[in-house]
Every structure is written in C-alpha cells, then in structure tokens.
Amino acid sequence: SFLWCLCTYFLAFNFPLLWEEERYTDGVKWKFLEHKGPVFAPPYEPLPSRVKFYYDGKPMKLSPEAEEVATFFAKMLDHEYTTKDIFRKNFFKDWRKEMTAEEKATITDLKKCNFTEMSEYFKAQSEARKAMSKEEKQKIKEENERILQKYGFCIMDNHKERIANFRIEPPGLFRGRGDHPKMGMLKRRIRPQDIIINCSKDSKYPEPPPGTKWKEVRHDNKVTWLVSWTENIQGSIKYIMLNPSSRIKGEKDWQKYETARRLKKCVDRIRAQYREDWKSKEMRVRQRAVALYFIDKLALRAGNEKEEGETADTVGCCSLRVEHINLYPENEGQEFVVEFDFLGKDSIRYYNKVPVEKRVFKNLQLFMENKEPDDDLFDRLNTSILNKHLQELMDGLTAKVFRTYNASITLQQQLKELTTADENIPAKILSYNRANRAVAILCNHQRAPPKTFEKSMQNLQAKIDAKKDQLSDAKRELKSAKADAKVRKDEKTKKAVETKRKAVQRIEEQLMKLEVQATDREENKQIALGTSKLNYLDPRISVAWCKKWGIPIEKIYNKTQREKFAWAIDMADEDYEF
DNA sequence: CATAAAACTTAGGATCCTCGCA
DNA sequence: TGCGAGGATCCTAAGTTTTATG
C-alpha cells in the first residue's frame, strides 16, 4: 500500500511514467532546476530636503548612508521597544558605523536625536498610499503580479513550481522576539555579491543586476534551495526555497506524517521502555527517560543548547533548568504535582501544573539535589544523546516526531468524540475547531488576544441580542397568524401561518449560527489554531472527516491550505485512519 | 567522537485584502 | 458605497535535525 500511495501521489502531481526514476536515492533532490534568481529590496530613496533631522535642537543634513539607518529608527518610533536600553544601545552603535567622520564627531548621544519630522513624513506617506485612486492601486497590483510571474516560479524536474520567498529581506533594524540581546542591531542590505545561486548546470542561469556579480553559482542537487546568503545578525544562512504546494515540500510533509504513523505502531513499546528506565541505576538513563516522558506526555520541544548572549533565554525539554519547575508532593488534592513555568520558542510562556507518576517525581527530586536554580535539570542529557537513543528505538524517530504523533492522534480522537451525526454543518465545524483547539493547547500555540477582541465580542453579542428580539417578534407574529387562521380558516391565512413558521425557523437557525460563532471566538481568544493545522495535523484526518460527514473541504482549508495539502485531499478517503 | 555549519521546519505578528453590513 | 472586522498572506525569526569538519 505504500507503493500504491506513492503511485497515486505522483499521478496527482502529474508525473507520467516518471515516478520510478523520480525516487532519487542517496540524497539527490532534483535533476533539473532553473530559476530567475531573487528580487532585491528597492534601493534607498533619500528624503526630500524639507524633511529634517535635528541633533540637539539644530537641523542637520545626514549623509545618505546615515540617513537611511536613521529612517529605520524613525519608522519604529511608535513602538515601545525604541525606548528599551538594549535596543537603543545596539542601534546607536550600528548607526555610528554608517556615519561619516564628521557625523560621528557630532552625533554622540541618541537622546539628543530628533526623528519626529522623519516619522511624520512616513506616516503621511502611508496615509497617501491608502488614499490612492483605484487606478493607481490597480497599477501597483499589476506590477506585483508581473514580478510574481517572472520571479515567483521555477522549473524543477519538468514542473513549474511556486517559490516561497523570492524577495530578499530588506535592510532594517533587527527585532528579535522576547528579550533579545541583539534587538536594534542593523540588518544590512543584501547585494548581488552576497548571493549564492543554486541551479542545474544545464539550466539558463539567473542574471545578476547589470554591473554586478553573484558571489557564486553552484549546482548542488543534494539540497532544495535556489538562493542563499549569510545574514549579519546571527551569521546564519538564509535560503530561498519552494512553496509548500511544491512536490518537494509536499513529499517531505507526507513522509513526516508517515514517520509519525510508524511511531503509533510502536509507541506502547517505547512508553513501556522509558517507564522501565525510570528505575535504571544509571543517572543518564533516568534523565533520558524522564525527559522523554515529558516530551511524550506534554508535547515539549527537544530543547537544544543555545549560545548564551546570542539569543533570548528560552528553553525546551532537554535545556530545562531547575528554576523552571516546582515540585509539590501534594497540591489541590492531587499527589506529585510538577509545575512548569518557562519561556519556550518565540519566548512564549509555558505554564502547566501536572500530576506525574511517583517515580518521575522522585527522580526529579533527585535531579534537583544540590543544584542552583540556573543549573540544568537534565545535566547528563542533551538533544543529540536523546535523538541517538530514539533512533535506536525506531528508524527515523526524533524528539519532534512525538509532537506530530500526539497532535495528530489527539485530533483524530477528539473528532471521533465530539462529532455527532445529528448536528448541522456549523455545529460540526465548531466541533472540528474544538478538536483543533485541543491540539493547539497541547502544543501551547498561543497568540496575543487581538487588539479589537473585546469590541468585536461586544458587537457579536449585540447582534445576538438583536436576533433574539427579532425571533420573539417573529414568534409573536406566528402566534397571531395562527389565531387568525383558526378563526378565518381560509387558504390565505393558512399560507400566512406557513410563511411565519418558516421565518421563525430561519431566524432560529441564524441565531444558533451566531451563538456558535460567539462560543468559538471566545474559546479562541488566546489560542492560535493555524500552526497546528499547518504543521502538526495529518491533513488526511481532516479530509476523511470532511468526507465522512459531507462537509465541504473549503470549510476547513482555505485555498492556500488546499494547495499545500493537495496530496492528502487526493489520497485520503473517508475510512482513512492515522 | 564533539562541535560547527548547513539545511530545513515551525512560529507569531504585521500587513494586505475582501466581504458583509450600515 | 464606504468602512471595519477578520481572514489570508507575507515576513522572517527561532526552532530541530542533518551533515560536515577537525
């Protein structure tokens, strides 16, 4: 059936007769790759001379280089972080590097810099953009479309594929997430001589802009990227790659869920194993087993070590520190409670109180003995040790497979539990969203409550109230029509009763729809569903659910998502089981 | 082996765009 | 027919895993 799937899959992607040779071995990702290269950020446009920068109260004309960096700061003036010490310090240091000797000599204190005119100018610009005529907006749209058509696609092995991010990131001030030590640093402009092009030897190479050269053109078909450059904040490499709808990404995504399904088959054995390991006489084995238990039970991330001072202080499972957990032998009527409180990926807080097995609890006490708060909880463990162990338990098993597995299996279970046959479509979709929500909570996918949340909730409530009034009016009218019909007994009044009855029914439906919507929205206040839907939930579960209950797939997946999951929509029938 | 670099996936917020409603 | 809410899309940072290096 694996081969059958593979076959169906390639047919879905129009791979006539090719699929056997398309299954490259030894890491070959493609045989032919042709593209037009990246789109660079537009060049800097100096400010009109009437827009002034003031230093210490006096107007000062800046060199174009210094002015450009100043505009980056001016554009952020309304953000809170321009008031943060680290941001200001980093910005000022990098800004000074762009100044002429004279500017450097004059501008020595950021507090004496006045960017307000620049800031006002950009606000006015953005207003003007909003106020543009239809024709002007249309023209811009057409230009964007032209660029998309030219640069947004590539040819990979006989297929025209959409590129994900064909535009080079423009220069600006770096703003990491959370308490980032590098916030405010200058992210420099990327030039053609910074760019490495990857394409096939026998393709038409992309042209660098006139008068420039690429850093390198290479032909590495063991990787999937088309363009790369080194970014100056962390010194890491950035890539241009294909869209999720592409064959190369879709196949990888499918493979990911197949690995998670293989874990399903052996997860009982693995769980038994780590429970056994809680008793091991070797400390490293116990630590490994407790960490794995957390990763499995709580869907924690692996938690690689990070270089101190280079990024925000965040952790995952293996990098948890003593200060991130509290142990309660007894708490709110439960025994052996562990309280987690730490910042995870993107500095999103993870807070959870969970009762654990006594053995886990005792182990944690042991791991914490004679340690300072900032010592590692699992001092004999890191992600590479853990993943090596997992690899021995199952081919292709790594820590993140547990997140995928637990997310997908939770969706499947919840859908089974929450969906009832007699509900209408909106109610079924609410059930779907609730199942999705259970996963988002498991994976701790949070969002900031939308700024307009309270207001929009009030609006919705007002609508509901209005609908209720409308309903009682309609009911009253129905009642009087009925009374009328009883007296008159003619066709006309009979018909009127039917009309009124229909009206009541329609309004009741509308009311219910609104109420469902309100519930859904309220429950979703701080939870982001998108991330799990896009990255953790085997789409075939959703496709099967839609088929089973006659829900149009568009109700669950928008256009982009349908493109990304085309493979699953084609592959899964209503009996699909994860 | 340990470590660093490279490759690739996952993530939340900003911005753009559309659609329903007053 | 203009407006605002909310979804779609864009953006790019921040993770994990794989591969290269010494």
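The name an unreviewed UniProt entry assigns to chain A is DNA topoisomerase I, from the organism Oryzias melastigma. What UniProt records for chain A under Catalytic activity (unreviewed entry) is the sentence "ATP-independent breakage of single-stranded DNA, followed by passage and rejoining." Word for word, the UniProt comment on chain A under Subcellular location (unreviewed entry) is "Nucleus".

Novice: For this particular structure, what's the right way to read the protein's contact with DNA strand B?
Specialist: In the region of DNA strand B, 26 residues are neighbours, and Tyr-239, Lys-249, Lys-345, Arg-403 and Tyr-536 sit closest. A breakdown of the atoms of DNA strand B within 4 Å of the protein gives sugar and phosphate a share of 84%. Here Trp-225 contributes a side-chain N or O atom positioned 3.3 Å from a phosphate oxygen of DNA strand B. Here Tyr-536 contributes a side-chain N or O atom positioned 2.9 Å from a phosphate oxygen of DNA strand B.

Novice: I would appreciate a short explanation of the nonpolar core in the present structure.
Specialist: Most often, soluble globular proteins keep nonpolar side chains buried together rather than apart. Counting residues in each nonpolar core, the largest one holds 77 residues, and the members touching the most others are Leu-263, Phe-294, Phe-340, Leu-364 and Phe-378. Counting contributing residues, this core receives three or more from each of domain 3 (249–398) and domain 4 (407–571). Setting aside anything within four residues of it in sequence, one finds Phe-378 in contact with Gln-287, Val-290, Ala-291, Phe-294, Cys-317, Cys-318, Leu-320 and Phe-367. The next biggest cluster of nonpolar side chains, apart from the first, holds 29 residues, and it includes Phe-53, Phe-91, Cys-113 and Met-118.

Novice: When you look at the sheet that holds strand β13 (residues 325–331) in this model, what are you seeing that I'm missing?
Specialist: Two pairing modes exist for strands in a sheet, parallel and antiparallel, and in both the strands are linked by backbone hydrogen bonds. Pairing in this open sheet of 3 strands is antiparallel, and the strands run β13-β14-β15 from one edge to the other. Pairing within the sheet leaves two strands with one partner each, and these edge strands are β13 and β15 (349–355). Here the average twist between neighbouring strands, direction ignored, is 15°. As paired elements, β13 and strand β14 (residues 334–343) share 6 bridges and run antiparallel to each other. The residue bridging Tyr-328 from the neighbouring strand is Val-337, located in β14. Against the sheet, helix α10 (residues 358–368) makes contact with β13 and β14, and its axis sits at roughly 135° relative to β13, the strand it touches most.

Rules of the game
- Residues numbered from 1 in each chain as written.
- Chains lettered and ligands numbered in written order.
- Predicted model: local features only at pLDDT ≥ 70, side-chain atom pairs only at ≥ 80, totals over all residues.
- Heavy atoms only, no water.
- UniProt positions renumbered as here; feature names shortened; annotations may be inferred.
- Near = heavy atom within 4 Å.
- Polar contact = N/O pair within 3.5 Å; in protein donor to acceptor, adjacent residues only side chain to side chain.
- Core = buried A, V, L, I, M, F, W, Y, C linked by side-chain atoms within 4.5 Å.
- Buried < 20%, exposed > 50% of the residue type's maximum accessible area, 1.4 Å probe, protein only.
- Domains from an automatic or database assignment.
- Contact = heavy atoms within 4.5 Å.
- Pairing = 2+ DSSP bridges.
- Helix = DSSP H or I, 4+ residues; strand = E, 2+ residues; numbered from the N terminus.
- Axes fitted to C-alpha atoms, helices over the stretch in contact; angles between N-to-C directions.

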